There are 2 protein chains.
Amino acid sequence: MARASTTSDAFNAIAEGARREVLEALADGEMAVNDLVARLGFTQPQVSKHLAVMRAVDLVTARADGRHRLYSLNAATLRDLYEWIKPFERLWNERLDRLDGVVAELAATHRQTSKGPS
Amino acid sequence: MARASTTSDAFNAIAEGARREVLEALADGEMAVNDLVARLGFTQPQVSKHLAVMRAVDLVTARADGRHRLYSLNAATLRDLYEWIKPFERLWNERLDRLDGVVAELAATHRQTSKGPS
DNA sequence: TTGACATATACCGATATCGGTATACGATGC
DNA sequence: GCATCGTATACCGATATCGGTATATGTCAA
């Protein structure tokens, strides 16, 4: 057995940094392949191949426009990624809450044992 | 050249579904390796190897406890993932806003051209 | 129709991964 | 010291990927 296919999952697709860069660029709106080539400095086949992977997992969609193909983000799939990671949010929030508690406690102690900041 | 190492990135690390399952399990709190083995039904070497990958990218941390090693999530690294995906949130929010607009418009039109639901 | 432009795809070699199995390492308790 | 428990690691073969280069496909314009 080997590693899961990059086209098996949005998670596998975004593992590659170049593809994340493409997504970031497309966040500014629909773009043609050559626009991405110019903007990111990749070769044209590279960009086309990365887009093909992301089309396969529905991270982007393409529409024809003359000789161009305009790519745009698929919000729904990005949202799936977001929804997976979101529940973990409570981990650092809890941590901050606890830290807040500690700070409050320290402040209370400080008020009792000292007359002000040093 | 080949695919980026699974240990090069938190993104590459979470590409594997089994590792995401481990993270989900650890969300319930610190666990020993065998706890994960029992809970997820993986073999012990599998779990140890996945944990090693996630240790390498700082997704989890381990502490010794007698013969056991207790693993826990590293909130900071999970947060990095969250922070990357979060800016895309506006994409589906915008879309919903626009949808709301359309719905409102349709409702207004409906009020003008019809006397009720068909 | 021919040529230019825009994009997609085929081919290549190198490589890091996966699960499985066996075993090494390390701590505990008797 | 020795057996046992808990965990980490080494080895294996199979495989899907990566970038680069060349080329196929498709669309427009003259």
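Everything discussed here concerns the structure shown above.
As the structure is a computational prediction, the values presented were derived from the model and not from experiment.

*Asks:* So, the packing of helix α2 (residues 17-26) of chain B against helix α3 (residues 33-40) of chain B: which residues are in play, and what are the values?
*Replies:* Residue and element names in this part refer to chain B. Direction vectors running N to C along α2 and α3 enclose 110°, while the axes themselves pass 11 Å from each other. Considered as vectors, α2 and α3 are oriented roughly perpendicular to each other. For the element pair α2 and α3, the recorded crossing hand is right-handed. Seen from α2, the contacting residues are Glu 21, Val 22 and Ala 25; seen from α3, they are Leu 36, Arg 39 and Leu 40. Here the residues of the contact of α2 with α3 are counted per class, giving 4 nonpolar, no polar and 2 charged.

*Asks:* So what's going on with the relation of the copies chain B and chain A? Which residues, and what values?
*Replies:* Once chain B has been moved 0.0 Å along the axis and rotated by 180°, it coincides with chain A to within an RMSD of 0.0 Å. Here the symmetry operator amounts to a two-fold rotation axis. Closest approach to the rotation axis among the C-alpha atoms of chain B is made by Ala 15 of chain B, whose C-alpha sits 3.1 Å away.

*Asks:* I'd like a description of the sheet that holds strand β3 (residues 68-73) of chain B, backed by residues and values.
*Replies:* Residue and element names in this part refer to chain B. The strand order across the open sheet built from 3 strands is β1-β3-β2, with neighbouring strands paired in antiparallel fashion. A single partner strand is all that each edge strand has here, and the edge strands are β1 (31-32) and β2 (60-65). Sheet topology note: the β1/β3 ladder contains 2 bridges and is antiparallel. Of the residues in β3, the one forming a bridge with Met 31 is Tyr 71.

*Asks:* I'd like to hear about the packing of helix α5 (residues 75-85) of chain A against helix α5 (residues 75-85) of chain B, residue by residue, with values.
*Replies:* Packing of α5 of chain A against α5 of chain B brings their axes to within 10 Å, and their N-to-C directions diverge by 150°. On the basis of the axis angle, α5 of chain A is roughly antiparallel to α5 of chain B. The way α5 of chain A lies across α5 of chain B gives a crossing that is left-handed. Residue-level inspection shows Leu 78, Leu 81, Tyr 82 and Ile 85 of chain A of α5 of chain A in contact with α5 of chain B, the latter providing Leu 78, Leu 81, Tyr 82 and Ile 85 of chain B.

Conventions we followed
Residues numbered from 1 in each chain as written. Chains lettered and ligands numbered in written order. Predicted model: local features only at pLDDT ≥ 70, side-chain atom pairs only at ≥ 80, totals over all residues. Axes fitted to C-alpha atoms, helices over the stretch in contact; angles between N-to-C directions. Helix = DSSP H or I, 4+ residues; strand = E, 2+ residues; numbered from the N terminus. Parallel < 35°, antiparallel > 145°, perpendicular 65-115°, else oblique. Left-handed = near helix turned anticlockwise from the far one by under 90°. Contact = placed C-beta atoms within 7 Å. Nonpolar A, V, L, I, M, F, W, Y, C, P; charged D, E, K, R; others polar. Least-squares fit on C-alpha atoms with pLDDT ≥ 70 in both. Pairing = 2+ DSSP bridges.

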